[in-house]
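Listed here are the chains, written in short residue letters.
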Amino acid sequence: RMLCPCRGKLKLLVVSLSFVILFTWLYLLVGNSENGRSLLLSACLVESTEARLLERDVLASRVREVEEENRQIRLQLSQSQGLAAQPAEGNYGNQQWVASADTGPEDVENTAEERANHSECSRSPTAEKCELIHVACVCAGHNASRDVVTLVKSILFHRRNPLHFHFITDTVANQILSTLFQSWMVPSVQVSFYDADELKSEVSWIPNKHYSGIYGLMKLTLTKALPSNLSKVIVLDTDITFATDIAELWAIFRKFTEKQVIGLVENQSDWYLGNLWKNHKPWPALGRGFNTGVILLYIERLRRIGWEQMWRLTAERELMSMLSTSLADQDIFNAFIKQNPVLVHQLPCFWNVQLSDHTRSEQCYTEVSDLKVIHWNSPKKLRVKNKHVEFFRNLYLTFLEYDGNLLRRELFGCPSQASSESTVLQQALEELDEDDQCYDFRRERIMVHRVHLYFLQYEYTPTDDGTDITLVAQFSMDRLQMLEAICKHWEGPISLALYMSDAEAQQFLRYAQASEVLKNRKNVGYHIVYKEGQFYPVNLVRNVALRNVNTPYVFLTDVDFLPMYGLYDYLRKSIVQLDMANTKKALVVPAFETLRYRLSFPKSKAELLSMLDMGTLYTFRYHVWTKGHAPTNYAKWRTATTPYKVEWEADFEPYVVVRRDCPEYDQRFVGFGWNKVSHIMELDAQEYDLIVLPNAFMIHMPHAPSFDISKFRSSPSYRYCLSTLKDEFHQDLSRKYGSAALKYLTAQRNI
């Protein structure tokens, strides 16, 4: 643990500082009172505009005088700490050359601050109130895209400035993060993406043993990747957690000398000292070297000194003897700094507390409250050894499970241009009548939910015959237990949209990573739609799953249904036989249900018919909502051997196989009621033929009733609004499809 040295001298200076502040405050208070105006009451008692302005100028002048006196005292304090701290344990590293590289009175204070690696003994600079802060990250793949969200949350939680994130991404990360930020709609946040594929040729020639692969070298290309008018940027790894406002880090740019172009924290492991194991030969570095998890890059100056050519020459020279990098870009940065030490500005190490095993990270802070940035740069991540690891882990988990909707707050006093999406949303909200009994339902239709696509690793290889089909479904946490069974019954691709809170999404992640069944399935796309509002936006969630399908056909179902074994192959054959590529057909998969939680699943149609006769199974909703599936004509299905066509009837809501370009679900229907009925109605309006498959079936498994159906049954207001939405849907259908849609209105009136 580090302590501020020279206790006696510190106490004397602190007491002196307190007396100066106290006497100054009394002086200001008495001075104003003598003029007949108390400082606290001046706003109420000053009568004329001229008097108010004069008083404000006098007060501002006195405040500046006091601030200057305080600054001088802080300077003396930091200088005395710096002089006494030179031999102190814990202030390790290249302090001598850092001091010699800094010039000017500000830099004397800067050096002292760097020697005192905790907030109690240092003065943090501040950024301008509405100054735009630029942050860059390299992010590739599903896992890194998930990790970077926690980093962004920690930054947004503390920030008081507008932000511009710059992401160098592969195709996967681009799709995930662009959708996430577009749906997140955080005020005063801009996001730009840069294609990593276009930059790979810049670094692909460098042999690299680091697990990050070629993406671990991408930071070297930032001067080329980022806009030419960008002056400064903070560069971060994805495994970073902020415990303070990033504006404090940004403000350190102002402490750079004219020659300094890069700000880094000293490496806290012994890697670059070369003593970790026998024959360990690291790349050259200055002293302990520097860690590149947090970098302040003065991009404008880097370009001026010819950075691209300089790092290339450095890498080529060292690779002649080192053959490859072990720590990717960090090795090349360190070799460059070894040759050009005057270009680096060393940051206090609390700006990058590195939690690898066997590091000196504990010397970066006196109290855990002194921390600024935590870097989980151990392959073991949260299982790293550190006596404060529980605190660090809890801080990380706080942001991991933090409700991202709460970060949509405005930055007061910092004007920003609203995005086109937020402008459209605001206009739509203003058009709603808040006195409308169904206001909450109407508002739900236009609400924008955060969406995180491909939450887990996803791999899909298209089939050659063009008949592939994806099972599409949605669910919430209370249906999670069905997931493994679905995967056992359906071997084809699956697109699932999960309606969950941030905390529930992490529970799901742990569940999926612990399940042998789910771990072995890479062709399942999990898309998180984050909870918001008081209704379950069931059709919006379905549409998220439907939009992110990679196959030409989809099987639209619910997660509490188990398909018959072999249904995937049977449907692909039916797609060819019924020429679905050239015709508009919706293939109906007959639905059944059981009231038993344990069921010996039928292996054939004959077994199912036998169970139907014995009362083990029933046609779906036979007891409570017969009309929902009656048009399937179960009596005909029992003996059918070929597909047969059925006609649409009111309230028909079968589960169907259609082409991917089918109409989406109508998002005005939320919670319980009419969410699937409206979709089948529109399929019929578009003249899809409804074809029942004779050898296909699915079985609904029992579960507790949902919260929404309970609300529907108990709330007259809920039922009234659903009826109102139905009428409006019919009117919209008539406007869209003309006289052909009149039959739906007639059918509804006849019910």
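Cut-off values and rules
Within every chain, residues take consecutive numbers counted from 1 along the sequence as written. Confidence filtering applies because this is a predicted model: local features only for residues at pLDDT of at least 70, side-chain atom pairs given and counted only at 80 or more, and all residues used for totals across whole chains, interfaces and linings. Side-chain calculation: all heavy atoms of the structure are included, whereas hydrogens and water are not. UniProt positions are given in the numbering used here, feature names are shortened, and annotations may be inferred rather than shown by experiment. Here a cavity denotes grid points, spaced 1 Å and computed from the protein atoms alone, that fit a 1.4 Å probe unable to get out, and a pocket denotes an open set having protein on both sides within 12 Å along at least 5 of 7 lines; residues with an atom within 4 Å of a point are the lining. Grid points are joined across faces, edges and corners, and a volume is the space filled by probe spheres set on the points. Only DSSP runs of H or I with at least four residues qualify as helices, and only runs of E with at least two residues qualify as strands; both kinds are numbered from the N terminus onward. Amino acids are sorted into nonpolar (Ala, Val, Leu, Ile, Met, Phe, Trp, Tyr, Cys and Pro), charged (Asp, Glu, Lys and Arg) and polar (every other residue, Gly among them). These domain limits were set by an automatic method or by a database of domain assignments. Relative accessibility decides the category of a residue: with a 1.4 Å probe and only protein chains considered, values under 20% of the type maximum give buried, values over 50% give exposed, and everything between is partly exposed. Between any two strands, pairing holds if DSSP finds at least two bridges. For Phe, Tyr and Trp, where Trp contributes only its six-membered ring, two rings pair if their centres lie within 6.5 Å, and the inter-plane angle classes them as stacked under 30 degrees, edge-to-face over 60, or tilted in between. Only lysine NZ and arginine CZ atoms are considered, and such an atom sits over a ring when it is within 6 Å of the ring centre and within 35 degrees of the ring normal. Two N or O atoms form a polar contact when they lie within 3.5 Å of each other; inside protein one atom must be a possible hydrogen donor and the other a possible acceptor, and for residues adjacent in sequence the pair counts only when both atoms belong to side chains. What makes two residues a contact is simply this: any of their non-hydrogen atoms within 4.5 Å. Definition used in this section: a nonpolar core is a set of buried Ala, Val, Leu, Ile, Met, Phe, Trp, Tyr and Cys residues joined via side-chain atoms within 4.5 Å. Only a pair of cysteine sulfur atoms within 2.5 Å counts as a disulfide in this structure description. As a rule, the C-alpha atoms of each element are fitted with a line to give its axis, helices using only the stretch in contact, and angles between N-to-C directions run from 0 to 180 degrees. The path from the first strand over the helix to the second decides the hand: if it runs clockwise while the strands point away from the viewer, the crossover is right-handed.

Under an unreviewed UniProt entry, the name given to the protein chain is Glycosyltransferase-like protein LARGE2, and the source organism is Sinocyclocheilus grahami. Here the protein chain is described in UniProt, under the heading Subcellular location (unreviewed entry), as follows: "Golgi apparatus membrane". You can read under Pathway (unreviewed entry) in the UniProt record for the protein chain the words "Protein modification; protein glycosylation."

Which residues make up empty space enclosed by the protein, and what are the values?
To find leftover empty space, a probe the size of one water molecule is rolled over the atoms. Counted by the stated rule, this structure contains seven cavities of 30 Å³ or more. Of the pockets and cavities examined, the largest cavity occupies roughly 80 Å³. As for the largest cavity, its lining consists of R146, V149, T150, K153, F399, L400, H452, F455, D502, A505, Q506 and Y530. Listing elements by their share of the lining of the largest cavity, those giving two or more residues are α6 (141–158), α14 (389–400) and α18 (502–514). Per-element accounting of the lining of the largest cavity gives the leading share, four residues, to α6. The residue makeup of the lining of the largest cavity, split by class, is six nonpolar, three polar and three charged. Here the lining of the largest cavity spans two domains, and each of domain 1 (133–406) and domain 2 (451–746) adds at least three residues to it.

I'd like a rundown of the pairing of strand β1 (residues 133–139), residues and numbers included.
Burial runs high along β1: seven of the seven residues are buried. Neither face of β1 is open: one carries I133, V135, C137 and C139, the other H134, A136 and V138, and all of them are buried. Sheet topology places β1 next to strand β2 (residues 163–169); seven bridges connect them, and they run parallel. Residue pairing across strands places V135 opposite F165, the latter belonging to β2.

Go over the sheet that holds strand β18 (residues 591–593) with me, naming the residues and quoting the values.
On the basis of which strands lie adjacent, the open sheet formed by four strands has the order β16-β23-β18-β19 and mixed pairing. If you trace the sheet from one side to the other, it starts and ends with β16 (561–563) and β19 (618–619), each paired once. Here three bridges tie β18 to strand β23 (residues 698–700), and the two strands are oriented parallel to one another. Bridged to F592 within β23 is I699.

Outline the packing of aromatic side chains, supporting the account with residue identities and numerical values.
What the rule picks out here adds up to 33 aromatic pairs. When the ring of F167 is compared with that of F181, the centres are 5.7 Å apart and the planes differ by 40°; the resulting orientation is tilted. With F167 in strand β2 and F181 in helix α7 (residues 171–184), this pair connects stretches of sequence that are 14 residues apart. Of the two residues, F167 and F181, both sit in the buried class. Three or more aromatic residues link up through ring pairs in this structure, and these residues are F165, F167, F181, W184 and F193. Its end group placed over the ring of Y665, R542 keeps NZ or CZ at 5.2 Å from the ring centre.

Let's hear about the side chain of T292: which residues, and what values?
You can see T292 is positioned in strand β7 (residues 290–297). Residue classification places T292 among the buried positions, given a relative accessible area of 3%. A distance of 2.9 Å separates a polar atom in the side chain of T292 from a polar atom in the side chain of D329. When sequence neighbours within four positions are dropped, the list of residues in contact with T292 reads K219, D237, L264, D329, Q330 and F333.

Can you explain the side chain of K372? Please cite residues and give values.
Along the chain, the position of K372 falls in the loop between β9 (353–354) and β10 (373–375). K372 sits in the buried class, given a relative accessible area of 7%. Side-chain polar atoms of K372 contact the side chain of E248, separated by 2.8 Å.

Please give an account of the nonpolar core that cites residues and values.
In this structure, F508, Y526, F555 and L571 are the most contacted members of the largest nonpolar core, which totals 113 residues. Sorting elements by how many residues they give to this core places helix α26 (residues 716–737) first, with seven residues. The residues touching Y526, leaving out its near neighbours within four places in the chain, are H452, L453, Y454, F455, L456, L483, L496, L498, F508 and L518. Formed by 56 residues, the second largest nonpolar core is a distinct cluster that contains I133, L163, I246 and V373.

Outline the state of the cysteines, listing residues and values.
On inspection of all chains with the given rule, the structure shows two disulfides. One disulfide bridge connects C130 with C414, the sulfur atoms lying 2.2 Å from each other. Judged by the sign of its S-S torsion, about -90°, the cystine formed by C130 and C414 is left-handed. Of the two residues, C130 is situated in the loop between α5 (105–115) and β1 and C414 in the loop between α14 and α15 (420–431); the sequence distance between them amounts to 284 residues. Take C130: its relative accessible area is 34%, and that puts it in the partly exposed class. Given the relative accessible area of 6%, C414 is considered buried.

Outline the sheet that holds strand β17 (residues 585–589), supporting the account with residue identities and numerical values.
Spatially, the nine strands line up as an open sheet ordered β11-β14-β13-β12-β15-β21-β17-β22-β20, and their pairing is mixed. Looking along the sheet, the strands with just one partner apiece sit at the ends: β11 (451–452) and β20 (644–646). Where strand β12 (residues 469–476) meets strand β15 (residues 553–556), four bridges bridge the pair, whose relative direction is parallel. Bridging across to β15, L471 finds its partner in F555. Contacts from helix α20 (residues 538–547) reach β11, β12, β13 (494–500), β14 (524–530) and β15 within the one sheet, and its direction differs from that of β12 by about 145°.

Hey, could you go over the pairing of strand β3 (residues 189–195) for me, with residue numbers and the actual values?
Bridge count for β2 against β3 is seven bridges, and the pairing is parallel. Bridging across to β3, L163 finds its partner in V189. Note that the unit made of β2, α7 and β3 has a crossover that is right-handed.

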